[in-house]
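Structural characterization, general
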Amino acid sequence: MKPAITIKNLNFYYRQVMALKNISIDIPANRVTALIGPSGCGKSTFLRVLNRMNDLIEGTRIEGKILFNDTNIYKDMDLMKLRKKVGMVFQKPNPFPMSVYNNIAYGPRLHRKISDKELDGIVEKSLKSASLWDEVRDRMESSALGLSGGQQQRLCIARCLAVQPEVLLMDEPTSALDPVSTAKIEELVKDLRDKFAIIIVTHNMQQAGRISDYTAFFLNGEIVEYGATREIFHRPVDKRTEDYITGRFG
Amino acid sequence: MRSHEKWVQGILFILATTAVLTVLAITFFIFSEGLPIMVDRGVTGFIGSTRWEPLSGSFGILGMIIGTIQITLGAIALGVPVGLACAVYLAEIADRRLEKILRPGIELLAGIPSVVYGFFGLSVVVPFLREHFPGNGFSILAGSIILAIMILPTVVNISENSIRSVPGDYRSASLALGASHWQTILRVILPAARSGIAASVILGMGRAIGETMAVIMVTGNVTKVAGSIFDPARTLTGNIAIEMGYAAGEHREALFATGVILFLIIMVLNFSTTRFSRKAGDVK
Ligand SMILES: Nc1ncnc2c1ncn2[C@@H]1O[C@H](COP(=O)(O)OP(=O)(O)O)[C@@H](O)[C@H]1O
Ligand SMILES: [Mg+2]
């Protein structure tokens, strides 16, 4: 199957510091890819390369090629269009200080003129896809900041879905959440796999095992090993992967 | 060490209470001088009347209240858009080099004595208005223009601070959804900073209402209610400053009563600022 994103010989620098080294992988469509590895090894940096959020950080530089729909995202693609197609869910839930409804409607309103009726439909559909609809249908006009942490994170996922992305980037989306909320998000990720390519950074090995199809192990800015999650967890090729997975470091 | 600290604490306490006591003393003084005539003339003769004729014993300050409101609203209408644009530019767009030029400029505005503003108004703004518009230049508009410049530092600094204190998370979320920088500023950052911006407007109003010297120099100071922005007008502060030198008896009391009204207006404004900043705290 055609990959959702192809990364070729990617190097990434914060000023003089090389944070990603010669990364070449294909991210499959309609699958969940987990990024694991110790803190500071470049997982978040890699994620932000894919929707060009690193552009906001002064002094960053990239080498290599990243192809999304056969287009080099650093050369031939409109930045706004890229970010619409490649959505991002952050570590800390970050709903806007607006009503639940306006949080979801925010994205669609950015990109085109849209009728109230159509917008209502999009909001409802997005909230349903993020399995949040039943919990918020009666409080669409109240502030999103009044929701629980887990609900806020699902709201942020729904907010991404509302602009119809093809790829979802998630940076430790459950690290700020309690176990019940975490389980809900994991369920959600599994449901969403049918429609999107999902890349999720996680510190939690069990989580990677439970929800991902593929796993990439990062170490010091390099991908040490990348393959089917089952293989990586049961028959790691590299000694360092094995050490990390069995908890000997990191 | 201990007793030393106690000493410092004691001195600080005395200084702090001095500040509060001074405010109380001023309040008491103004009210005790001004209230009798307010009570004597009643609402209709004092606040409700536009007849200010000290020689014939009429002390209606409605004209001055209206003048103050007109000139202040004019200053807000002119100064806030400019100040807000400045704040957005400084907080969101200007790089460090530009900021280094702009910020001292704005701070300088705050340091210029008001009589210098008045002088600028007198020698530039008033002649310009006389040349190009009806009237002789001394007008509400002249006052509003000068005050608009004078409130800029207040509006810019407080708005900029509130824009800068909008959590970066909101910005990232918006940009990651494909919003442009402008869309993010207009749809997320400014709304999130709105209580601080409102506070800056109210503080600017307070500044405009309280300003005396520069306003006297350019507004013409007639007590008749102005029919257009090109007509002259007198403000509450102007009324006190112009006539205090020679007023005696009831006339003098009436000027204190003008001060009471000013005092009340400023108090209401201050009160609403605190409310707004408290709300601003809630958002975060
Ligand atoms: N904004 C930044 N400026 C400079 N260096 C950064 C920045 N963000 C991350 N880094 C550095 O890049 C490396 C990778 O960081 P990161 O991608 O956040 O790792 P991870 O998400 O795997 O914990 C670290 O050494 C970190 O210090
Ligand atoms: Mg990280």
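Residues numbered from 1 in each chain as written. Chains lettered and ligands numbered in written order. Predicted model: local features only at pLDDT ≥ 70, side-chain atom pairs only at ≥ 80, totals over all residues. Heavy atoms only, no water.

Right, let's get into the overall build of chain B. For chain B, the count of helices and strands is 11 helices and two strands. Along the first, second and third principal axes, the C-alpha atoms of chain B reach 70 × 70 × 30 Å. Buried positions account for 43% of the 284 residues belonging to chain B. Intrachain contacts of chain B at a sequence separation of at least 6 include 72% that bridge at least 24 residues. Carbon and sulfur atoms provide 70% of the accessible area of chain B, an area that totals close to 14,600 Å². (Helix = DSSP H or I, 4+ residues; strand = E, 2+ residues; numbered from the N terminus. Buried < 20%, exposed > 50% of the residue type's maximum accessible area, 1.4 Å probe, protein only. Contact = heavy atoms within 4.5 Å. Areas by Shrake-Rupley, 256 points an atom, 1.4 Å probe, with all protein chains shown as cover.)

So, on to the domain arrangement of chain B. Residue and element names in this part refer to chain B. Once the domains are mapped, chain B shows domain 1 (3-48) and domain 2 (64-278). For domain 1 versus domain 2, the distance between C-alpha centres works out to 26 Å. Residue-level contacts link 13 residues of domain 1 with 13 residues of domain 2. Regarding the contact of domain 1 and domain 2, the summed buried area is about 1,100 Å², with carbon and sulfur atoms giving 78% of it. Looking at the side of domain 1 facing domain 2, the largest losses of area belong to Ile30, Glu33 and Ile37, adding up to 40% of the total buried there. Across the pair Glu250 and Arg41 runs a salt bridge, and its minimum N-O distance is 2.5 Å. Connecting domain 1 to domain 2 are two residue pairs in polar contact (both at pLDDT 80 or more). A class-by-class count of the residues in the side of domain 1 that touches domain 2 yields eight nonpolar, two polar and three charged. (Domains from an automatic or database assignment. Buried area = accessible area lost by both parts, 1.4 Å probe. Salt bridge = Lys/Arg side-chain N within 4 Å of Asp/Glu carboxyl O. Polar contact = N/O pair within 3.5 Å; in protein donor to acceptor, adjacent residues only side chain to side chain. Nonpolar A, V, L, I, M, F, W, Y, C, P; charged D, E, K, R; others polar.)

Now for the pattern of salt bridges. All names here are of chain A. Evaluation of the coordinates by the stated rule reveals 25 salt bridges over all chains. Here Glu135 ties to Arg154 by a salt bridge, and the two come within 2.8 Å at their closest N and O atoms. Taken together, the residues Glu135 in helix 5 (residues 133-136) and Arg154 in helix 6 (residues 149-161) connect sequence positions 19 residues apart. Glu135 gets classed as partly exposed once you look at its relative accessible area, which sits at 30%. Since its relative accessible area comes to 4%, Arg154 is described here as buried.

All names here are of chain A. The buried fraction of strand 9 (residues 214-219) amounts to five of the six residues, a majority that puts the element mostly inside the structure. Where strand 3 (residues 32-36) meets strand 9, four bridges bridge the pair, whose relative direction is parallel. By the bridge assignment for strand 9, Ile36 is matched with Phe217. By the bridge criterion, six bridges tie strand 9 to strand 10 (residues 222-228) in an arrangement that is antiparallel. Paired with Phe217 across the strands is Glu225, a residue of strand 10. (Pairing = 2+ DSSP bridges.)

All names here are of chain A. Ordered by their spatial adjacency, six strands build an open sheet running 6-7-8-3-9-10, and the pairing between neighbours is mixed. What marks the edges here is a single partner per strand, and that holds for strand 6 (86-89) and strand 10. With strand direction ignored, the average angle separating the axes of adjacent strands in the sheet is 15 degrees. Along the sheet, helix 1 (residues 43-50) makes contact with strand 3, strand 6, strand 7 (167-171), strand 8 (197-201) and strand 9, crossing strand 7 at roughly 155 degrees. (Axes fitted to C-alpha atoms, helices over the stretch in contact; angles between N-to-C directions.)

Attention now moves to the site of ligand 1. All names here are of chain A. As a matter of local geometry, ligand 1 sits amid Tyr14, Ala19, Ser39, Gly40, Cys41, Gly42, Lys43, Ser44, Thr45, Arg48 and Ile57. Measuring from an oxygen atom of ligand 1, one finds a backbone N or O atom of Gly40 at 2.7 Å. With respect to ligand 1, the side chain of Lys43 contributes an N or O atom lying 2.9 Å from an oxygen atom. Surface burial for ligand 1 is 59%, taken as the share of its 560 Å² of free accessible area covered by protein chains. Of the residues forming the shell around ligand 1, the biggest block, four residues, is contributed by helix 1. Of the residues in the shell around ligand 1, the class split is four nonpolar, five polar and two charged. (Near = heavy atom within 4 Å.)

Two aromatic rings are characterised by how far apart their centres lie and by the angle between their planes. Residue and element names in this part refer to chain A. Inspection of every chain in the model, using the stated rule, returns nine aromatic pairs over all chains. A centroid spacing of 4.6 Å and a plane angle of 50 degrees characterise the contact between Phe96 and Tyr106, whose relative ring orientation is tilted. Taken together, the residues Phe96 in the loop between strand 6 and helix 3 (100-111) and Tyr106 in helix 3 connect sequence positions 10 residues apart. Per residue, the accessibility class of Phe96 equals that of Tyr106, and both read buried. The ring centre of Phe96 lies 4.5 Å from the NZ or CZ of Arg159, which sits over that ring. (Phe/Tyr/Trp six-rings, centres within 6.5 Å; stacked < 30°, edge-to-face > 60°. Lys NZ or Arg CZ within 6 Å of the ring centre and 35° of its normal.)

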